[in-house]
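Single-letter residue listing:
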Protein chains: 4
Amino acid sequence: MPTINTFGVIGGDERMRYLAASIAADGYPVCVHGFENLGPCRGAAETTLSELAKKSSVILLPLPATRDGLTLNAPYAAAEIRLDDAFASLFCNRTVYGGMIQRLVASSVLWREIEPEDYYRREELAVGNAIPTAEGAVSIAIQEYPGTLNGAKCLITGFGRIGKNLAIILRGMGARVYAAARKKEDLMRMRAFGVEPLTYREITQRFDVIFNTVPARVIGAPALTQQDADTLLVELASAPGGIDLESAGRLGLHVVQAQSLPGRVAPKTAAEYIKEAVYNMLEEA
Amino acid sequence: MPTINTFGVIGGDERMRYLAASIAADGYPVCVHGFENLGPCRGAAETTLSELAKKSSVILLPLPATRDGLTLNAPYAAAEIRLDDAFASLFCNRTVYGGMIQRLVASSVLWREIEPEDYYRREELAVGNAIPTAEGAVSIAIQEYPGTLNGAKCLITGFGRIGKNLAIILRGMGARVYAAARKKEDLMRMRAFGVEPLTYREITQRFDVIFNTVPARVIGAPALTQQDADTLLVELASAPGGIDLESAGRLGLHVVQAQSLPGRVAPKTAAEYIKEAVYNMLEEA
Amino acid sequence: MPTINTFGVIGGDERMRYLAASIAADGYPVCVHGFENLGPCRGAAETTLSELAKKSSVILLPLPATRDGLTLNAPYAAAEIRLDDAFASLFCNRTVYGGMIQRLVASSVLWREIEPEDYYRREELAVGNAIPTAEGAVSIAIQEYPGTLNGAKCLITGFGRIGKNLAIILRGMGARVYAAARKKEDLMRMRAFGVEPLTYREITQRFDVIFNTVPARVIGAPALTQQDADTLLVELASAPGGIDLESAGRLGLHVVQAQSLPGRVAPKTAAEYIKEAVYNMLEEA
Amino acid sequence: MPTINTFGVIGGDERMRYLAASIAADGYPVCVHGFENLGPCRGAAETTLSELAKKSSVILLPLPATRDGLTLNAPYAAAEIRLDDAFASLFCNRTVYGGMIQRLVASSVLWREIEPEDYYRREELAVGNAIPTAEGAVSIAIQEYPGTLNGAKCLITGFGRIGKNLAIILRGMGARVYAAARKKEDLMRMRAFGVEPLTYREITQRFDVIFNTVPARVIGAPALTQQDADTLLVELASAPGGIDLESAGRLGLHVVQAQSLPGRVAPKTAAEYIKEAVYNMLEEA
């Protein structure tokens, strides 16, 4: 980073507050706005929006930047922050980073000029977020499944970032871990993790816990009919997910929706990952 | 087991219901009483107390058998079950097993003759229960600590059954694990688990999460003053525990009481452990 | 596989004999040639080359197919098998698979027509081979490093297939594992494995064991001068490898060359991986 | 330790040389004798026996102290060191520690007065030595078993110190691990390690690798007849061990004798364990 930037952090949840505090702890000046109802933020100055925009060379917007396309995602702000030309105009000639920014960008033509970048697209952030996601999923399974995970027969569908992390943790707990994937090399890859490989067609047995990480219908009626009332299904993929909810409902199966875990179970670490992604983007800019 | 026993299971929580169902699934006749408000129990016959006593050669009482010394521990029973001579007299000439039975035995002189045995004293049950205890503790830490356990600096005090299991799971999650113990050989033992050994006097640094398993004041003011608001303290030892709560309170530290985890997070598996202990006791009788 | 193939396995080492036996155990007819000095092969018929070629629809050549470009790689054959037009002509209209076949293909124009395929290029085989490679490397380190790997400070350079497997095994042994890579997402990926990430520039400390998996000079003089006589360096990358041998020699460091481990430490499993790759190729053909 | 001791280290193998060097590195004066053919020892002064005895307040003898009862175990000494009254008389009024000292003590009546203590009896040393023993056993299995340990069906007999360490390492490598023991609580204990429990009577299946840690015949003909030529048997218990060698020989099974591994595969770490035991003994004296 060539010059010492002042960072302006606006809105978001506890994660963004940890982000502001962590950047401040690195020695950068930090302004924050939009955490009024969450209490003070260590090391950062609370300012008005316009003051923040004036002082900051790097602006950090929340993840997601907006939920409704009309207001900034700022649940702890004293007043809602409308997304309009006035808001966007504050950030001309600023370096702006936000998470999932498509709808933000659509909220004003000015954004085209500002060219905000999406930290959520960074591979290192996705890799990082898979860690709290796996931890959160395991925590849910410990709480919701009536037996121990130790000795439990667990299935992971998909063997990407989250699937691999789940495999590592579950094996460490003494679970019997199976995983299903499509690609031949992923089936081979599972072995190094001590995981029993299955193709999707081979999901024809009962499991104690099933973790789905695939955003495509991979757990359909044939697999679901093998399960019973004690089986726990944890849906980690974003909607519509990979579990056939209608069939699961008809069969009386227990499905837990478990999305957006990083911000919920580990806001402090999730903030560190965002910070690293932002630092990397600044370095590469 | 020489003859086919009929098992009578009385009172207790979900765990005892799983116990009854699991014994029934092994092919034994099972009578149950005291789960009226918990719904039916697969494979077992609901009977009156006297009918159960008449039919059953082996009687299984809950864990703990009683909480107040006056009534059986039967939170899901339609009516309370008083511990008096009438109750005790039902079980003359029966093999009776219960968990933590000291106060039960004191409730009637008849128990002296009946000679009930305490399955909770079985080493294999204690070893088993350490598994759901460790899982439950980890789940609490995932939920309550604001960062991931991956990369977190965790301290385990005591390196007995629960401590070892915690070490295995936390290491598998990529935590940096320290443990404190008194005995030299325990300090050496930690290394095989990839754990950094500390004596109690060496707890002079900040940790992200501290799990106490020792039922003696090992986390006093000197150790507590090193911690901060983000540190999570999980008390696993039975009261009064090993964490100086007064100092922790004064310092504003976050302590979670986490006792009796097996029945809460894994009633199904906890029931299996009790069943194995009971079968072993019958075999050795 | 549409029709029942007869497999002809020619030459190679113990691994190819295990391959022939394993295919035979799956119920396929198998002919072998070129293991004369290795003893009989369970379930397979020893034949002449021409008989083998006549009977077999699928021909499996060794890995590598040839070492000198002139003869087939068949160290256990009674007589050398020359690579010429006569040899190639045996396999017209056959499905031919071999490992590292560039020089084989150059040995006769007929190969252009036969179009043999290289099973060594299959991703699932590369993924599989990383398992015995990591095991072999760990075995070398146990034998050659004068301390235990438990507690040892180990560095892995490169975090591809082999690097990840090494990390899994070494962590399971209680080593303190560091890894170096270039890509930001690989540095993040290491965390889920409980591995401390380093950039190549950060290799400025002493390690007990260094495993190199990168086929490019990543362990140069600056890193080597930090090491001492007890440090063990294990070179896993193919020549010229990633360790600056000249500097290492000048500094009196202990470097072990450890290539081609799958065939050496686990010929039976290495054969299984080749078999799976071949079956997959037949399925996709 | 109240006063600064001078340590005298006499004889033994590489391990004792590492021991002397490590004590010297802690800042203590160290005299050595009996490594003449092993080269110089960092930080320690080579002296005659009588000079060493004169200067040193703490004398460290090798492990075992003697092999034949007549001479000190000093394979690298320029001349043999006879165990007689003259030798013993050197150490009157010294604190003497040795390993497995029964036969040493029998070599002169003077030892009764000197009262040497046996560091090999320290529990922390036994616990420590189980680490290099497990690593060495795994290394042998990687080298000798023709497949990978990943995916291999491994049996550990005995679930004491070495058995548990083997379980940890093998599980980390993705092996399918079974263990056999007699005690009910050990069978339960295995589960936390992700290990499948068996009683000795249940060893009725084929395994890829069998590690015996029990110094009593637990692998007899019935278990051995289930194995085949690919099965590897690793005998870790001291003679006569737990594997019926006669039956194994008759069946043509592959048995590797693997005793005394700590000094062979990890002399440096084994020396650290001895040092810690000695320091602990001095502290407690």
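Counting starts from 1 at the beginning of each chain's written sequence and moves along it residue by residue. Chains and ligands are labelled sequentially in the order written, the chains with letters from A and the ligands with numbers from 1. Predicted model: local features are reported for residues with pLDDT of at least 70 only, side-chain atom pairs are reported and counted for 80 or more only, and whole-chain, interface and lining totals are derived from all residues. The basis for every side-chain value is the complete set of heavy atoms in the structure, and neither hydrogens nor water enter the calculation.

Trainee: So, the overall build of chain A: which residues are in play, and what are the values?
Mentor: Counting secondary structure elements, chain A contains 12 helices and 12 strands. Along the first, second and third principal axes, the C-alpha set of chain A runs to 60 × 35 × 35 Å. Taken across its 285 residues, chain A has 61% of its residues classed as buried. Of the contacts made within chain A by residues no fewer than 6 positions apart, 58% connect residues no fewer than 24 positions apart. Accessible surface, chain A as shown: approximately 11,300 Å² in total, 48% of it carbon and sulfur. His is not counted, nor are the chain ends; Lys and Arg add positive charge and Asp and Glu add negative charge. Charge coordinates come from a single atom per side chain, which is NZ of Lys, CZ of Arg, CG of Asp or CD of Glu. The centroid of the 29 positive side-chain charges in chain A is displaced by 5 Å from the centroid of its 32 negative side-chain charges. Helix numbering and strand numbering both begin at the N terminus, where a helix is a DSSP run of H or I of at least 4 residues and a strand a DSSP run of E of at least 2. Burial classification: accessible surface area is computed with a 1.4 Å probe over protein chains only, and a residue below 20% of its type maximum counts as buried, one above 50% as exposed, and the rest as partly exposed. Only heavy atoms matter for contacts: two residues are in contact if any of them lie within 4.5 Å across the pair. Using a 1.4 Å probe, accessible areas were evaluated by the Shrake-Rupley method; residue-level cover was limited to the displayed protein chains.

Trainee: With reference to specific residues and values, describe the pairing of strand β8 (residues 176-180) of chain A.
Mentor: Residues and elements named next belong to chain A. Summarising burial for β8: four of the five residues are buried, a large majority. Strands pair, by our definition, only if DSSP identifies at least two bridges between them. Here strand β7 (residues 153-157) pairs with β8 via five bridges, running parallel. Each residue of the ladder has a partner; that of Thr-157, found in β8, is Ala-180. Handedness rule for crossovers: strands pointing away from the viewer, path from the first strand over the helix to the second running clockwise, crossover right-handed. What joins β7 to β8 is helix α7 (residues 161-172), and the crossover it makes is right-handed. Two elements, β8 and strand β9 (residues 196-198), share three bridges in a ladder whose sense is parallel. Bridge pairing links Ala-180 to Leu-198 in β9. Between the parallel elements β8 and β9, the chain passes through helix α8 (residues 184-192) in a crossover that is right-handed.

Trainee: Describe in detail the packing of helix α1 (residues 14-25) of chain D against helix α12 (residues 267-284) of chain D, supporting the description with residues and values.
Mentor: Residues and elements named next belong to chain D. Axis definition: a line fitted to C-alpha atoms, over the contacting stretch in the case of helices. Angles run 0 to 180 degrees between N-to-C directions. It is the contact of α1 with α12, at a shortest axis distance of 8 Å, that shows an interaxial angle of 55°. Considering their axes alone, α1 and α12 lie oblique with respect to each other. By crossing handedness, the relation of α1 to α12 is classed as right-handed. Residue-level contacts link Glu-14, Arg-15, Tyr-18, Leu-19, Ser-22 and Ile-23 of α1 to Pro-267, Lys-268, Ala-270, Ala-271, Glu-272, Ile-274, Lys-275 and Tyr-279 of α12. Classification convention: Asp, Glu, Lys, Arg as charged; Ala, Val, Leu, Ile, Met, Phe, Trp, Tyr, Cys, Pro as nonpolar; all other residues, Gly among them, as polar. In terms of residue class, the contact of α1 with α12 is made up of eight nonpolar, one polar and five charged. Orientation is classified from the angle alone, with under 35 degrees giving roughly parallel, over 145 giving roughly antiparallel, 65 to 115 giving roughly perpendicular, and any other angle giving oblique. Should the near helix be turned counterclockwise from the far one by less than a right angle, the crossing is left-handed, whereas a clockwise turn marks it as right-handed.

Trainee: Break down the relation of the copies chain A and chain C for me, citing the residues and quoting the values.
Mentor: Least-squares fitting of chain A to chain C yields an RMSD of 0.0 Å, with the transformation described by 0.0 Å of translation along the axis and a rotation of 180°. Taken together, the turn and the small shift mark the pair as related by a two-fold rotation axis. An overlap of 100% is found between the interface residues of chain A and their copies at the interface of chain C, pointing to a shared contact surface. Copy-to-copy superposition: least squares on the C-alpha atoms, limited to residues that have pLDDT of at least 70 in both copies.

Trainee: Explain the UniProt feature "domain: Dipicolinate synthase subunit A N-terminal" (unreviewed entry) in chain A to me, and be specific about the residues and the numbers.
Mentor: The sites that UniProt annotates as "domain: Dipicolinate synthase subunit A N-terminal" (unreviewed entry) are residues 7-105 of chain A. Helix makes up 28% of residues 7-105 of chain A and strand makes up 17%, while its end C-alpha atoms are separated by 20 Å. UniProt positions are given in the numbering used here, feature names are shortened, and annotations may be inferred rather than shown by experiment.

Trainee: Describe the side chain of Asn212(A), listing the residues and the values that go with them.
Mentor: Residue and element names in this part refer to chain A. Among the structural elements, Asn-212 can be located in strand β10 (residues 209-212). On the basis of relative accessible area, Asn-212 is assigned to the buried category, the value being 0%. Of the polar contacts made by the side chain of Asn-212, one reaches the backbone oxygen of Val-214; its length is 2.9 Å. Within 3.5 Å is the distance limit for a polar contact, defined as a pair of N or O atoms, with the added protein rule that one can donate a hydrogen and the other accept it, and that residues adjacent in sequence qualify only through two side-chain atoms.

Trainee: Lay out the pattern of salt bridges in plain terms, naming residues and giving numbers.
Mentor: Salt bridge, as used here: a side-chain nitrogen of Lys or Arg that lies within 4 Å of a carboxyl oxygen of Asp or Glu. Summed over all chains, the structure comprises 60 salt bridges over all chains. The salt bridge partner of Arg161(B) is Glu123(B), with a shortest N-O separation of 3.2 Å. Separated by 38 residues along the polypeptide, Arg161(B) in helix α7 (residues 161-172) and Glu123(B) in helix α6 (residues 123-144) bring together distant segments of the chain. Of the residues examined, Arg161(B) reaches a relative accessible area of 38% and is grouped as partly exposed. Arg189(D) is the partner of Asp186(D) in a salt bridge, and the nearest nitrogen-oxygen pair spans 3.1 Å. With a gap of three residues between them, Asp186(D) and Arg189(D) both fall in helix α8 (residues 184-192), about one helical turn apart. For Asp186(D), a relative accessible area of 13% gives the class buried. One connected set of salt bridges, linked through shared partners, spans Asp26(A), Glu272(A) and Lys275(A).

Trainee: Report on the domain arrangement of chain A, specifying residues and quantitative values.
Mentor: As used throughout, domain bounds are those supplied by an automatic or database domain assignment. As far as domains go, chain A holds domain 1 (7-121) and domain 2 (129-262). Relative to domain 2 of chain A, the C-alpha centre of domain 1 of chain A lies at a distance of 36 Å.

Trainee: Before we move on, can you summarise the interface of chain A and chain C with the specific residues and values?
Mentor: For an interface, size is often stated in terms of accessible area lost upon the parts coming together. Taken together, the contact between chain A and chain C spans 19 residues of the former and 19 residues of the latter. Throughout, buried area stands for the accessible area (probe radius 1.4 Å) lost by two parts on being put together, summed over both. Buried area between chain A and chain C, summed over both chains or domains, comes out near 1,900 Å², and the portion from carbon and sulfur atoms is 67%. The largest contributions to the chain A side of the interface with chain C come from Lys184(A), Met188(A) and Ala192(A), which together make up 30% of the buried area. Linking chain A with chain C are four salt bridges. One salt bridge connects Lys184(C) with Glu283(A), and the closest N-O pair in it is separated by 3.8 Å. Between the two partners, chain A and chain C, sit two residue pairs in polar contact (both at pLDDT 80 or more). Looking at the side of chain A that touches chain C, the elements with two or more residues in it are α6 (123-144), α7, α8 and α12 (267-284) of chain A. It is α8(A) that contributes the most residues to the side of chain A that touches chain C, six residues altogether. By residue class, the composition of the side of chain A that touches chain C is seven nonpolar, three polar and nine charged.

Trainee: Before we move on, could you go through the relation of the copies chain A and chain B and cite the residues and values that matter?
Mentor: Screw-axis analysis of chain A against chain B gives a translation of 0.0 Å along the axis, an RMSD of 0.1 Å, and a rotation angle of 180°. Interface overlap between copies: 100% of the residues of chain A at the interface are likewise at the interface in chain B, consistent with a symmetric, same-surface contact.

Trainee: Mind laying out the nonpolar core, listing which residues take part and the relevant values?
Mentor: In this structure, Phe211(A), Phe211(B), Phe211(C) and Phe211(D) are the most contacted members of the largest nonpolar core, which totals 278 residues. With residues up to four places along the chain from it excluded, the contact list for Phe211(A) reads Ala137(A), Val138(A), Ala141(A), Cys154(A), Leu155(A), Ile156(A), Thr157(A), Leu166(A), Leu170(A), Val234(A) and Leu236(A). We call a set of buried residues a nonpolar core when its members are Ala, Val, Leu, Ile, Met, Phe, Trp, Tyr or Cys and they connect through side-chain atoms within 4.5 Å of each other.

Trainee: Tell me about the pairing of strand β10 (residues 209-212) of chain C, and name the residues and values.
Mentor: Successive side chains on a regular strand alternate, one facing one side of the sheet and the next facing the other. Residue and element names in this part refer to chain C. Neither face of β10 is exposed, since Val-209 and Phe-211 on one face and Ile-210 and Asn-212 on the opposite face are all buried. Sheet topology note: the strand β7 (residues 153-157)/β10 ladder contains four bridges and is parallel. Counted as the bridge partner of Cys-154 is Val-209 from β10.

Trainee: Give me the lowdown on α12(A), citing residues and values where you can.
Mentor: Across its 18 residues, α12(A) extends 26 Å between first and last C-alpha, which sits within 8% of the 26 Å expected from 1.5 Å per residue. Of all 18 residues in α12(A), 13 are buried, a share of seventy percent or more. Under the convention used throughout, the expected extent of a helix is 1.5 Å for every residue step, that is, one less than its residue count.

Trainee: How would you explain the sheet that holds strand β5 (residues 95-98) of chain A if you had to name every residue and give the values?
Mentor: Residues and elements named next belong to chain A. Taken in spatial order, the six strands make up an open sheet running β3-β2-β1-β4-β5-β6, and their pairing is parallel. Of all strands in the sheet, those with a lone pairing partner are β3 (45-46) and β6 (117-118), marking the two edges. Direction of pairing for strand β4 (residues 58-60) relative to β5: parallel, over a ladder of three bridges. Counted as the bridge partner of Leu-60 is Tyr-97 from β5. Against the sheet, α12 engages β1 (7-10), β4, β5 and β6, with an angle of about 145° to β5.

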